[in-house]
Amino acid sequence: MAAIQMDQLKVTELARPEFKANPYPFYARLRAENPVCRTKIFNQPAWLVSRYDDAFMVLKDARLLKDWRPRTKWLHRLSGATIGHMLNQDGADHTRLRNLVHKAFTPQMSARMRERIQGICDELLDDLAASGRMDLMSGYALPLPLIIISELLGIPVEDRNRLHNLARSSLSAITLLGALRALPDQRSLVRRIRQLIAERKREPREDLITALAQAEEAGDKLSEKELVATIMLLLIAGYETTVNLIGNGAEALLRHPEQRERLVQDPNLIDSAVEELLRYTSPLDISSQRFASVDMKIN
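Residues numbered from 1 in each chain as written. Predicted model: local features only at pLDDT ≥ 70, side-chain atom pairs only at ≥ 80, totals over all residues. Heavy atoms only, no water.

Colleague: It is not clear to me how the overall build of the protein chain should be interpreted in this structure. Could you clarify?
Modeller: Secondary structure summary: the protein chain contains 16 helices and six strands in total. Principal-axis analysis of the C-alpha atoms gives the protein chain an extent of 55 × 55 × 35 Å. Counting only contacts in the protein chain whose residues sit at least 6 apart along the sequence, the fraction spanning at least 24 positions is 63%. Working note: accessible area of the protein chain is about 18200 Å², and carbon and sulfur atoms make up 53% of it. Counting 42 positive and 39 negative side-chain charges, the protein chain places the averaged centre of each group 8 Å from the other. (Helix = DSSP H or I, 4+ residues; strand = E, 2+ residues; numbered from the N terminus. Contact = heavy atoms within 4.5 Å. Areas by Shrake-Rupley, 256 points an atom, 1.4 Å probe, with all protein chains shown as cover. Lys, Arg positive; Asp, Glu negative; His and termini not counted. Charge placed at Lys NZ, Arg CZ, Asp CG, Glu CD.)

Printed below as a string of structure tokens:
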């Protein structure tokens, strides 16, 4: 951690595997010594806010926007249809998209998936029982949510691994050069999603892509760009955080065997255990960026 200088902090350094292995001592120093730390994202000046009360204020302040066009115009040019989802919108635009997407997530769809999710868990654990060993990440943490979100969206089996690889490539870049290099994969991913949308419009099915294409609220529908961005969001957010939570959670329980034994002895604790693991070892430790629409001072 000492290799990272807080007065010259680069976000790329926070993405290094050796840093992610144990970032918490550095974060503690950051909160104590430089709680509003200057850095850069995609070669643009930025500030990393690390104290809870400051971060809470920033995330609630209406002056800090997700989509402030004087600063995000280049993002739209670079990423096109991939960033127009609800998490990159403010105010009424965010509410409109959230309400339309909510129309597609019906209780009936959730109920249909519950039994299937349990079945996938059992199948993956059967492989563990048969062989006596498993790579947790590749054998369970990744395939479980990837299969579920793919089936929920209606992505064909033959497309799943390819779309997963394209999504990881196109959305994992944290430098401008990396983003430019990822553009071909991003465009391939968008092209395939548009094909799936067109197929569902011609031949509707009982899947989430169809439901999103048909979702309507007060005569309003998702545009094609909004559909593409929303499906991209669900594809990535639908499994990536779950993959990392399973891995982080398993490691935390191994490091704290008394907590693991408590959970084994009382499975009814599982809901609170998941919530605590999300707090204790979150799969996301940095929020998405905000843009200050006016000059601000954070003390």
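That was the structure; now back to the text.
Colleague: Could you clarify how one ought to interpret the pairing of strand β1 (residues 36-41) in this entry?
Modeller: Note on strand geometry: in a regular strand, side chains alternate between the two faces of the sheet. Across six bridges, β1 lies against strand β2 (residues 44-49) in antiparallel orientation. Opposite R38, over in β2, you have W47 as the bridge partner. In textbook terms, the turn of a hairpin is the stretch between consecutive antiparallel strands, and for β1 and β2 this stretch comprises two residues, one of which, F42, has a positive phi near 50°. (Pairing = 2+ DSSP bridges.)

Colleague: Can you walk me through the packing of helix α11 (residues 176-202) against helix α13 (residues 224-237) in this structure?
Modeller: Their axes nearest at 10 Å, the elements α11 and α13 cross at an angle of 110°. The angle between α11 and α13 places the two elements in the roughly perpendicular class. Classified by chirality, the crossing of α13 by α11 is right-handed. Note on element contacts: α13 touches α11 through E224, L227, V228, I231, M232 and L235, opposite L189, V190, I193, R194, I197 and K201. (Axes fitted to C-alpha atoms, helices over the stretch in contact; angles between N-to-C directions. Parallel < 35°, antiparallel > 145°, perpendicular 65-115°, else oblique. Left-handed = near helix turned anticlockwise from the far one by under 90°.)

Colleague: Could you clarify how one ought to interpret the packing of aromatic side chains in this entry?
Modeller: What describes a pair of aromatic rings is the distance from one ring centre to the other and the angle between the planes of the rings. Under the definition given, this model contains four aromatic pairs. With 5.7 Å between their ring centres and 75° between their planes, F19 and Y27 make a pair best called edge-to-face. Using a relative accessible area of 2% as the deciding quantity, one classes F19 as buried. For the pair Y52 and F56, a centre-to-centre distance of 6.2 Å together with 20° between the ring planes defines the contact as stacked. Separated by four residues within a single helix, Y52 and F56 lie in helix α4 (residues 52-60), roughly one turn from each other. (Phe/Tyr/Trp six-rings, centres within 6.5 Å; stacked < 30°, edge-to-face > 60°. Buried < 20%, exposed > 50% of the residue type's maximum accessible area, 1.4 Å probe, protein only.)

Colleague: What exactly am I supposed to notice about the nonpolar core here?
Modeller: Ranked by internal contacts, the top residues of the largest apolar core, which has 43 residues, are L153, L189, L208, L212 and L235. Listed by contribution, the elements that provide at least two residues to this core are α6 (91-104), α7 (107-131), α8 (136-141), α9 (143-153), α10 (157-171), α11, α12 (208-214) and α13. With eight residues, α13 is the largest single contributor of residues to this core. Here L153 is in contact with D207, L208, I209, I231, L234 and L235, once residues within four sequence places are set aside. Ranked by size, the runner-up nonpolar core spans ten residues in total, among them I4, M6, F19 and L30. (Core = buried A, V, L, I, M, F, W, Y, C linked by side-chain atoms within 4.5 Å.)

Colleague: How do you make sense of helix α3 (residues 24-33) when you look at a structure like this?
Modeller: An α-helical segment advances 3.6 residues per turn. Residues three or four places apart therefore align on the same side. Taken together, the buried positions of α3 are occupied by F26, Y27 and L30. All buried residues of α3 lie within an arc of 100° about the axis, which places them on one face of the element. Exposed residues lying more than 90 degrees from the buried face of α3 are A32 and E33. For α3, the elements touching its buried residues are α1 (11-14), α2 (17-20), β1 and β2. (Arc of directions from axis to C-beta.)

Colleague: Hey, could you run me through the side chain of T210 in this one?
Modeller: Within the element layout of this structure, T210 appears in helix α12. Setting aside anything within four residues of it in sequence, one finds T210 in contact with R200, P204 and R205.

Colleague: Even after reading the chapter, I still don't get a nonpolar patch on the surface, so can you show me in this structure?
Modeller: Together, I270, V274 and L278 give the surface a local cluster of nonpolar side chains, amounting to about 210 Å² of exposed area. On the basis of relative accessibility, which here comes to 33%, the residue L278 falls in the partly exposed class. (Patch = residues over 30% accessible without salt bridge, like charges linked within 9 Å, V, L, I, M, F, W, Y side chains within 5 Å. Salt bridge = Lys/Arg side-chain N within 4 Å of Asp/Glu carboxyl O.)

Colleague: Honestly, the confidence of the model for the protein chain in this entry has me stumped. Any pointers?
Modeller: Parts of the model with low pLDDT should not have their predicted coordinates read in detail. Residues of the protein chain with pLDDT of at least 70 account for 94%, and the chain-wide mean is 85. The least confident element of the protein chain, judged by mean pLDDT, is helix α5 (residues 69-79) at 69; the most confident is helix α15 (residues 257-265) at 96. (pLDDT = per-residue confidence, 0-100.)

Colleague: Just to check I follow, could you spell out the pattern of salt bridges for this structure?
Modeller: When their charged atoms lie close together, side chains carrying opposite charge are able to pair. What the rule picks out here adds up to 14 salt bridges. Across the pair E33 and R29 runs a salt bridge whose closest N-O atoms are separated by 3.7 Å. Highlighted residues: E33 and R29, both in helix α3, separated by four residues, approximately one helical turn. Here E33 falls in the exposed class, since its relative accessible area comes to 53%.

Colleague: Where do I start with the environment of P143 in this structure?
Modeller: Checked against the element boundaries, P143 lands in helix α9. On the basis of relative accessibility, which here comes to 17%, the residue P143 falls in the buried class. On a C-alpha basis, the gap between P143 and L278 in space is 20 Å, while along the polypeptide they are 135 residues apart.

Colleague: Before we go on, may I ask you to explain the packing of helix α14 (residues 240-255) against helix α16 (residues 270-280) in this structure?
Modeller: Any two packed helices are characterised by the angle at which their axes cross and by the distance between the axes. Running from N to C, α14 and α16 point in directions that differ by 95°, and their axes come no closer than 10 Å. By the angle between their directions, the pair α14 and α16 is classed as roughly perpendicular. Residue-level contacts link L245, G249 and A252 of α14 to V274, L277, L278 and Y280 of α16.

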